[in-house]
Amino acid sequence: AGPRPVPAELTDGNSEHLKREHSLMKPYQGAGSAAMPLWDFTGSTMVTSQYVRLTPDERSREGSIWNRVPCFLKDWELHVHFKIHGAGKKNLHGDGLALWYTQERLTPGPVFGSKDNFHGLAIFLDTYPNDEATERVFPYISAMVNNGSLTYEHSKDGRGTELAGCSADLRNQNHDTFLAVRYSRGRLTVMTDVEDKNEWKNCIDIAGVQLPTGYFFGASAGTGDLSDNHDIISMKLFQLMVEHPLEDETVDWTKIEPRVSLLKSPKDNVDDPTGNFRSGPLTGWKVFLLLLCALLGIIVCAVVGAVVFQKRQERNKRFY
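Thresholds applied
Residues numbered from 1 in each chain as written. Predicted model: local features only at pLDDT ≥ 70, side-chain atom pairs only at ≥ 80, totals over all residues. Heavy atoms only, no water. Helix = DSSP H or I, 4+ residues; strand = E, 2+ residues; numbered from the N terminus. Buried < 20%, exposed > 50% of the residue type's maximum accessible area, 1.4 Å probe, protein only. Contact = heavy atoms within 4.5 Å. Areas by Shrake-Rupley, 256 points an atom, 1.4 Å probe, with all protein chains shown as cover. Patch = residues over 30% accessible without salt bridge, like charges linked within 9 Å, V, L, I, M, F, W, Y side chains within 5 Å. Salt bridge = Lys/Arg side-chain N within 4 Å of Asp/Glu carboxyl O. Pairing = 2+ DSSP bridges. Core = buried A, V, L, I, M, F, W, Y, C linked by side-chain atoms within 4.5 Å. Axes fitted to C-alpha atoms, helices over the stretch in contact; angles between N-to-C directions. Phe/Tyr/Trp six-rings, centres within 6.5 Å; stacked < 30°, edge-to-face > 60°. Lys NZ or Arg CZ within 6 Å of the ring centre and 35° of its normal.

Per an unreviewed UniProt entry, the protein chain is named LMAN2 protein, and its organism is Ploceus nigricollis.

Written out as structure tokens, the structure reads:
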């Protein structure tokens with residue numbers, strides 16, 4: 001998708017709706033110590049006066065930072081000011097950064113420094129292609145919703161469980177890079193501002209997403225044989241003022257299971273090199289094969305009909 005400015009009332013960062021209890025901003029209180037009242041960090045995470053570094057540009061490191069306060073907003077938008085940079089050139093860097101809205105927090109693991117089989121939402125900023133056969137352009141941003149039953153497969157860059165994604169040139173930029181995650185009335189939208197144009201560019205837009213309230217926001221990163229600095233400059237959460245139908249008032253939003261109502265499951269997405277769900281199950285080469293089979297069927301029927309007709313004509317001639 002090309003650049004698409006988002007309506008200003010949704011993403012203008014209106015301070016009136018800023019939820020400070022879920023936001024991480026400078027000056028970081030208790031910088032350089034574990035005394036940040038609203039946030040916990042673990043692993044290689046280092047808090048400075050200018051940024052929160054989840055991993056340094058060193059091999060085999062992982063770190064995370066998590067909000068201590070569960071979020072009970074039904075509609076929200078998260079703005080993340082981040083920077084991924086390092087000495088590695090071309091494909092000699094990794095692995096990436098993840099943003100989380102999950103039930104679990106502060107649990108290290110193999111998925112960009114955090115646990116697998118999580119409950120909730122993850123947005124992955126993947127900087128290294130593990131699947132050599134991939135047609136994607138990296139860095140690559142993708143979304144995943146999990147009810148605890150799905151496993152993120154690093155060797156396939158998460159293609160089997162990905163809902164949608166896009167490429168974004170977000171590494172080693174000399175200007176500020178931003179990402180926005182918006183969740184409202186079951187619609188998940190992810191936008192980027194990484195081209196120094198001061199406008200949001202659409203990346204992911206999915207309807208039918210159900211996320212509970214009472215989960216935690218966090219960010220994590222990991223390095224392996226390759227590395228990068230993964231920095232969070234700020235995370236700002238805004239409450240969206242959205243009207244809901246009356247029946248929503250009877251729902252216990254803390255008991256909802258994370259899920260996505262799609263025409264097909266994420267695992268059906270494996271053969272789609274773009275990583276995006278399509279509007280229906282019959283697309284691309286499948287439609288072509290169906291049309292080809294239909295055409296061949298018509299030709300066969302025509303040939304058989306012509307042969308039968310000719311034989312009947314010859315039989316009729318014998319009776320005269």
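> Sorry, what's going on with the overall build of the protein chain here?
Assigned secondary structure in the protein chain consists of two helices and 16 strands. Residues counted as buried form 47% of the 320 residues belonging to the protein chain. When contacts within the protein chain are restricted to residue pairs at least 6 apart in sequence, long-range pairs at least 24 apart make up 70% of them. Of the roughly 16600 Å² of accessible surface on the protein chain, a fraction of 54% belongs to carbon and sulfur atoms.

> Hey, could you run me through a nonpolar patch on the surface in this one?
On the surface, Phe-288, Leu-289, Leu-292, Leu-295, Leu-296, Ile-299, Val-303 and Val-307 cluster together to form a nonpolar patch covering roughly 710 Å² of accessible area. Overall, Ile-299 belongs to the partly exposed group, its relative accessible area being 45%.

> Would you mind showing me how to read the sheet that holds strand β10 (residues 177–184) here?
To summarise the sheet geometry, strands pair through backbone hydrogen bonds and adopt either a parallel or an antiparallel arrangement. Spatial strand order, β2-β3-β15-β5-β10-β11-β12: seven strands in an open sheet with antiparallel pairing. Bordering the open sheet on either side are β2 (46–47) and β12 (201–206), each of which pairs with just one other strand. Here strand β3 (residues 52–55) runs beside strand β15 (residues 229–239); their pairing, made up of three bridges, is antiparallel. Its bridge partner lying in β15, Val-52 is registered against Ile-232.

> Which parts of the structure should I look at to understand the nonpolar core?
Nonpolar side chains in soluble globular proteins generally cluster together in the buried interior. One finds Trp-76, Ile-141 and Ile-232 to be the most contacted residues of the largest nonpolar core, which totals 49 residues. In terms of residue count, strand β5 (residues 76–85) provides more of this core than any other element does, five residues in total. Apart from residues lying up to four places away in sequence, Ile-232 is in contact with Leu-24, Tyr-28, Tyr-51, Val-52, Leu-54, Val-80, His-81, Phe-82, Leu-97 and Ala-219. Counting 12 residues, the second-largest nonpolar core is a separate cluster that includes Trp-66, Ala-98, Phe-118 and Leu-150.

> Mind showing me how you'd approach the sheet that holds strand β7 (residues 119–126) here?
A sheet is described by the order of its strands in space; here seven strands give the open sequence β1-β4-β14-β6-β7-β8-β9, paired in antiparallel fashion. Looking at strand neighbours, the two that pair on one side only are β1 (39–43) and β9 (164–167), the edges of this open sheet. Direction aside, neighbouring strands of the sheet carry axes that sit 15 degrees apart on average. Alignment of strand β8 (residues 140–147) against β9, held across four bridges, turns out to be antiparallel. Bridge pairing in β9 places Ala-143 opposite Ala-164.

> Just to check I follow, could you spell out the pattern of salt bridges for this structure?
Note that side chains of opposite charge can pair when their charged atoms are close. Per the stated rule, a full pass over the model turns up 13 salt bridges. Residue Glu-162 is joined to Arg-136 by a salt bridge in which the shortest nitrogen-to-oxygen separation is 2.4 Å. Taken together, the positions of Glu-162 in the loop between β8 and β9 and Arg-136 in the loop between β7 and β8 put the pair 26 residues apart, joining distant regions of the chain. Each member of the pair, Glu-162 as well as Arg-136, carries the same accessibility label: buried. Among the ionic pairs, Asp-252 bridges to Lys-255, the shortest N-O distance being 3.5 Å. The exposure class assigned to Asp-252 is partly exposed, which follows from its relative accessible area of 40%. Members of the salt-bridge network, linked through shared partners, are Asp-40, Arg-68 and Arg-105.

> Any chance you could explain the packing of aromatic side chains here in plain terms?
Any two aromatic rings considered together are summarised by their centre-to-centre distance and by the angle between their planes. Summed over all chains, the structure comprises 11 aromatic pairs. Three or more aromatic residues link up through ring pairs in this structure, and these residues are Trp-76, Tyr-101, Tyr-183, Tyr-215 and Phe-217. Seen from the ring of Phe-216, Arg-105 lies directly overhead, with NZ or CZ sitting 5.3 Å from the centre.

> I tried to follow unusual backbone geometry on my own but got confused; where do I start?
With glycine set apart, most residues show a phi of negative sign, and most peptide bonds adopt trans. Across the junction of Lys-26 and Pro-27, the peptide omega takes the value -5 degrees, indicating a cis bond. In this structure, the amide linkage connecting Gly-94 to the following residue, Asp-95, adopts the cis form with an omega of 0 degrees. Along the polypeptide, Asp-95 turns up in the loop between β5 and β6 (96–102). Unlike most non-glycine residues, Asn-172 shows phi in positive territory, near 55 degrees. On the secondary structure map, Asn-172 appears in the loop between β9 and β10. Relative accessible area serves as the criterion here: at 30%, Asn-172 is assigned to the partly exposed category.

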